[in-house]
Structure formats: structure tokens, C-alpha cells
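Next come the chains, spelled out residue by residue.
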Amino acid sequence: MYRYVPSLTALRTFESSARHMSFTKAAEELNVTQSAVSRQIRQLEDELGIRLFERVRQRLVLTEAGASYVQEVRKGLDQLKSATLNLLAYQGVGGELLLACLPTFGSRWLIPRLGRFTSQHPEINVNLVTRIEAFNFESEDIDAAIYFGDSNWPGTISDKLMGEEMIPVCSPSLLKDVGAIETPADLSNHTLLQLRSRPYAWQEWLKGKETQDINPAAGPKFEQFHMIINAALTGLGVALLPAFLIKEELSKGLLTQLFDDSVRGKNAYYLVYPENKRGLPRLQTFRRWLLREAARQEKQ
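Everything numeric here is computed off the predicted structure, so don't read it as measured data.

Calculation criteria
- Residues numbered from 1 in each chain as written.
- Predicted model: local features only at pLDDT ≥ 70, side-chain atom pairs only at ≥ 80, totals over all residues.
- Heavy atoms only, no water.
- Helix = DSSP H or I, 4+ residues; strand = E, 2+ residues; numbered from the N terminus.
- Buried < 20%, exposed > 50% of the residue type's maximum accessible area, 1.4 Å probe, protein only.
- Domains from an automatic or database assignment.
- Buried area = accessible area lost by both parts, 1.4 Å probe.
- Salt bridge = Lys/Arg side-chain N within 4 Å of Asp/Glu carboxyl O.
- Pairing = 2+ DSSP bridges.
- Axes fitted to C-alpha atoms, helices over the stretch in contact; angles between N-to-C directions.
- Contact = heavy atoms within 4.5 Å.
- Parallel < 35°, antiparallel > 145°, perpendicular 65-115°, else oblique.
- Left-handed = near helix turned anticlockwise from the far one by under 90°.

**Student:** I keep staring at unusual backbone geometry and nothing clicks. Help me out?
**Tutor:** Peptide bonds are mostly trans, and most non-glycine residues show a negative phi. Here the phi dihedral of Asn-31 falls at roughly 60°; this positive angle occurs in a residue that is not glycine. Position of Asn-31 relative to the elements: it lies in the loop between α2 (23-30) and α3 (34-48). According to the relative accessible area criterion, Asn-31 is exposed, its value standing at 70%. With a phi angle near 65°, Gln-58 is a residue other than glycine that sits in the positive phi range. Tracing the chain through its elements places Gln-58 in the loop between β1 (53-56) and β2 (59-62). A relative accessible area of 75% places Gln-58 in the exposed class.

The following block contains the structure:
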């Protein structure tokens, strides 16, 4: 199993030498002799059958293969360090869960509920990072992600959390300034606010309303839902938004729902994680809690 895995000592020596570009400085950092560092590097190169360093005008430089290899070695050493610190901090119980999440979903739906999870499971820390673009478990050190889509992510396991009801909304002041919106056709007199990651949202909504004389792609484009929410609040235009993300604005009258019905999209929010982490205890604990919270949301 470990036939192609060099010793940890050799990898630490290689990483230090590459970082300092000096066997002498690496020896000082590792508290060994310069000859011991040279010997470790030579043995590592012999084991791999690849030159990692070369001398150019008496200066140590990485070969192309060495420069590529050290990046991966550094990631591996960092992961070992993180795993060890995590073990020491939590004594093998619980630990840290790194979760990637869509920004607005995280700030408006997940974070307000995380207190309940923390009170039930104080041994687990959920660390959040935001992602708008599709995630990559192979290149990113994340345990799981909450993403919106159709669950077609090869090599992963996905649990459906919830769908969303899309409704057109605007600020009450916009209706006073530009005019009432009584039918979908009246939207032709208003600016449609666009979300970059969902370029066909207005097109699908207007098609469902059999409204054809409006350009569904025209209007300012925004990266995140929270930007569109703020744009709608300030009267920049009409926004097509998930109803569950703007409950507070609707209840306070800060935003007005333009029509009584809503449109449920075909995609949904999913908890996604790589197959090799299906047995991670802290992930499964969080997964069970999250599914219960999502089920409550769907019933509302």
C-alpha cells in the first residue's frame, strides 16, 4: 500500500529545502547537519528516479518536476498537521467540519440555525467557506458542500435538502414611482434584476406565464442573491427570488410580492460530499441534523 510513499522525514526535508532553496538553511530548521539533508534529498531522488534539484551557477533551484512535486507534498504535510491538531484539540471526539456553502443561503438560512446544532453537538465545530462556482473535492480541502443544482456530481453522495418557490418582488416605492404591476406583461415597464449563476430564471418564469414580449435577459446582473435583495430594496428593479430567503423583508413590508402564485423550479439545494467521506462521524452527525432542519423548512 505504501510502496510509492517516501518517508515523512524525507518529505519534510524536501519541503524545507525547497522553501529555503538551501540545504544549509533546511538543516538549521530541522536541527540536523547539512550533509544529512543532502543525503535525504539524494536518497529521495534515487527512490523516485527523478531529479528534484539542480545547481545553476552555484545556486540551488528546483527542477520542473521538483517544483510540481513540492506543491503536492506541502498540501499533504499541511493536511497531516491539521489532522493532528484536530485530534489533539478534540481528543478523538467530534472535531472540525469544513463546509462550503452558497453565500446567501449560508447567511440567511443556515447560520441562524447553527446555534441549535452547536448546542446539541458542542464537540463539533462547523467552519464555513462560501462558494458561488461549482466545488471540487479533489482540489479543495472541504468535507462537504451545500449547493444548488440537479444532484449530478460524479464521485459524490448528495442528499436533497429542499426546493425553492420563486416569486417576483420589488420595493413598494418602485410601484409608486414607475407604476403598478397587475399582470406579468406590465413587467415590460420595469428593470429585471438578473443573477449571473441563473441566466435563464426570468425566461423560465415568463414562459410559464405565457408572456413573450419581454426580453428576459435584459437588466443589471449580480453575483449573489443578497446583492439582488439589496438592489430590490433600494428600488433598482424587480427581482425573482426564493421566497424562504426573504421572509423577513416580506413580513415587514420592505418588499412586495407581485403575484399570488409562485413557481417551483426543477433544481434544489443539496448536501454533497465525496464518497470517501461517507463514514466521517462528524459529517454524518451534521447531515442528520441538517436533513431534519430542511424537512421543517419544506413543511412551512
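**Student:** Can you help me understand the domain arrangement of the chain in this one?
**Tutor:** Interface size is commonly expressed as the accessible surface area that is lost when the partners come together. When its domains are assigned, the chain resolves into domain 1 (8-90), domain 2 (96-163 + 267-299) and domain 3 (164-264). Put simply, the middle of domain 2 and the middle of domain 3, counted by C-alpha atoms, are 28 Å apart. Interface of domain 2 and domain 3: buried area, both sides summed, is about 1,100 Å²; carbon and sulfur atoms make up 54% of it. Of all residues in domain 2, Thr-104, Arg-108 and Ile-132 give up the largest surface area on contact with domain 3, accounting jointly for 46% of the area buried on that side.

**Student:** Help me out: how do you make sense of the pattern of salt bridges in this one?
**Tutor:** Proximity of charged atoms lets side chains of opposite charge pair with each other. Counted by the stated rule, this structure contains 16 salt bridges. One salt bridge connects Arg-198 with Glu-164, and the closest N-O pair in it is separated by 2.2 Å. Of this pair, Arg-198 sits in the loop between β8 (194-195) and α7 (201-208) while Glu-164 sits in the loop between β6 (156-162) and β7 (165-170), placing them 34 residues apart in sequence. Each member of the pair, Arg-198 as well as Glu-164, is classed as buried. Across the salt bridge formed by Glu-293 and Arg-296, the nearest N and O atoms sit 2.7 Å from each other. Taken together, the positions of Glu-293 and Arg-296, both in helix α10 (residues 281-299) and three residues apart, correspond to about one turn of that helix. On the basis of relative accessible area, Glu-293 is assigned to the buried category, the value being 4%.

**Student:** What am I meant to see in the sheet that holds β6 here?
**Tutor:** Ordered by their spatial adjacency, five strands build an open sheet running β4-β3-β5-β13-β6, and the pairing between neighbours is mixed. One side of each edge strand has no neighbouring strand; the edge strands of this open sheet are β4 (124-130) and β6. Put simply, the sheet's adjacent strands are angled 25° from each other on average, direction ignored. Of the pairings in the sheet, the one linking strand β3 (residues 95-101) to β4 comprises seven bridges and is parallel in character. Paired with Cys-101 across the bridge in β4 is Thr-130. This element, helix α5 (residues 103-120), spans β3, β4, β5 (144-149), β6 and β13 (268-274) of the sheet and lies at about 175° to β4.

**Student:** Please explain the packing of helix α1 (residues 8-20) against α2 as it appears in this structure.
**Tutor:** Between α1 and α2, the least distance of the axes is 8 Å, while the angle of their chain directions is 125°. With respect to α2, the axis of α1 lies oblique. As α1 packs across α2, the resulting crossing turns out to be right-handed. Together, Arg-12, Thr-13, Ser-16, Ser-17, Arg-19 and His-20 of α1 and Phe-23, Lys-25, Ala-26, Glu-29 and Leu-30 of α2 make up the contact between the two elements.

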